[in-house]
Amino acid sequence: MNKKATLLDQAAINRALTRIAHEILERNKGPEDLVLVGIQTRGVPIAKRLQQKIEGIEQATVPLEEVDITLYRDDLAHASDNQEPTVQPVKLGTDLTNKTVILIDDVLYTGRTVRAAMDAIMDAGRPAQIQLAVLIDRGHRELPIRADYIGKNIPTSQSEIIVVELEETDDYESVDIYEN
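Residues numbered from 1 in each chain as written. Predicted model: local features only at pLDDT ≥ 70, side-chain atom pairs only at ≥ 80, totals over all residues. Heavy atoms only, no water.

- Identification of the protein as Bifunctional protein PyrR from Terribacillus aidingensis is taken from an unreviewed UniProt entry.
- The annotation that UniProt attaches to the protein under Subunit (unreviewed entry) is "Homodimer and homohexamer; in equilibrium." (UniProt positions renumbered as here; feature names shortened; annotations may be inferred.)

### Some details on the packing of helix α1 (residues 10-27) against helix α2 (residues 43-58)
Here comes step 1: Running from N to C, α1 and α2 point in directions that differ by 60 degrees, and their axes come no closer than 9 Å. Here α1 lies oblique to α2, going by the angle between them. In this structure, the crossing between α1 and α2 has a hand that is right-handed. Across the interface between the two elements, I13, N14, L17, T18, I20, A21, H22, I24 and L25 from α1 touch I46, R49, L50, K53, I54, I57 and E58 from α2.
Here comes step 2: Broken down by class, the residue content of the contact of α1 with α2 amounts to 10 nonpolar, three polar and three charged. (Axes fitted to C-alpha atoms, helices over the stretch in contact; angles between N-to-C directions. Helix = DSSP H or I, 4+ residues; strand = E, 2+ residues; numbered from the N terminus. Parallel < 35°, antiparallel > 145°, perpendicular 65-115°, else oblique. Left-handed = near helix turned anticlockwise from the far one by under 90°. Contact = heavy atoms within 4.5 Å. Nonpolar A, V, L, I, M, F, W, Y, C, P; charged D, E, K, R; others polar.)

### Notes on helix α4 (residues 112-124)
Here comes step 1: Compared with an ideal rise of 1.5 Å per residue, which puts 13 residues at 18 Å, α4 spans 19 Å between its outermost C-alpha atoms and is within 8% of the ideal.
Here comes step 2: Turning to α4, its buried residues number three or more, namely V114, A116, A117, A120 and I121. Each buried residue of α4 sits inside an arc of 160 degrees when the element is viewed along its axis, so together they form one side. (Expected span 1.5 Å × (residues − 1). Buried < 20%, exposed > 50% of the residue type's maximum accessible area, 1.4 Å probe, protein only. Arc of directions from axis to C-beta.)

### With respect to the environment of A116
Here comes step 1: Take A116: it is sitting in helix α4.
Here comes step 2: Contact partners of A116, with chain neighbours within four places excluded, come to I69, Y72 and R73.

### A word on the sheet that holds strand β7 (residues 160-165)
Here comes step 1: As summarised here, the arrangement of the three strands in space is β1-β8-β7, forming an open sheet in which the pairing is antiparallel. At either margin of the open sheet sits one strand with a lone partner, and together these are β1 (2-8) and β7. Taken pair by pair, the neighbouring strands of this sheet meet at an average axis angle of 25 degrees, ignoring direction.
Here comes step 2: Strand direction decides the pairing type here: β1 and strand β8 (residues 174-179), joined by five bridges, are antiparallel. Paired with A5 across the strands is I177, a residue of β8. (Pairing = 2+ DSSP bridges.)

### Quick look at the layout of surface pockets
Here comes step 1: Empty space within the largest pocket amounts to approximately 400 Å³.
Here comes step 2: Taken together, 22 residues line the largest pocket, and the ones lying closest to its centre are R73, D105, V107, Y109 and T113.
Here comes step 3: Its residues assigned to classes, the lining of the largest pocket shows nine nonpolar, five polar and eight charged. (1 Å grid on protein atoms, 1.4 Å probe; cavity = no way out; pocket = protein on both sides within 12 Å on 5 of 7 lines; lining within 4 Å. Points joined across faces, edges and corners; volume = space filled by probe spheres on them.)

What follows is the structure, encoded as structure tokens:
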């Protein structure tokens, strides 16, 4: 892979997440009845940062959950010699009934990860609504899914790869674009 450019540095990531936190609060008229749900792996630290920013703005703690979508992936059967996986319901510590779930991920690409996460959330409860926040929207959707909150839109070609690195998972902080 050949690195083409750094799209966001640590300061730009922080500014984008601050803006997203304000947009979430404005659209939902405050933090009441919100639940943040980070998609593993990099959606979780982004969700934690949004939780901290919302707490700093509103002096209220919004519940934070994380979801592992591995067993909800639509390509899992293809990867395991066509054996049907056993899907276990997601166990969350927060009751999602009549809550607004803010689903959080690092990059929105085809939409398949988000669809799997929504399936997992619906197995865990029945929220009033699900909203989507992503740090990067790179286009190329295969499903009719769009983000409600976007840190940065980055139109890409199919041969390009977006790499998000966060302190919590990578000991470094940047969003880079690579040519495959």
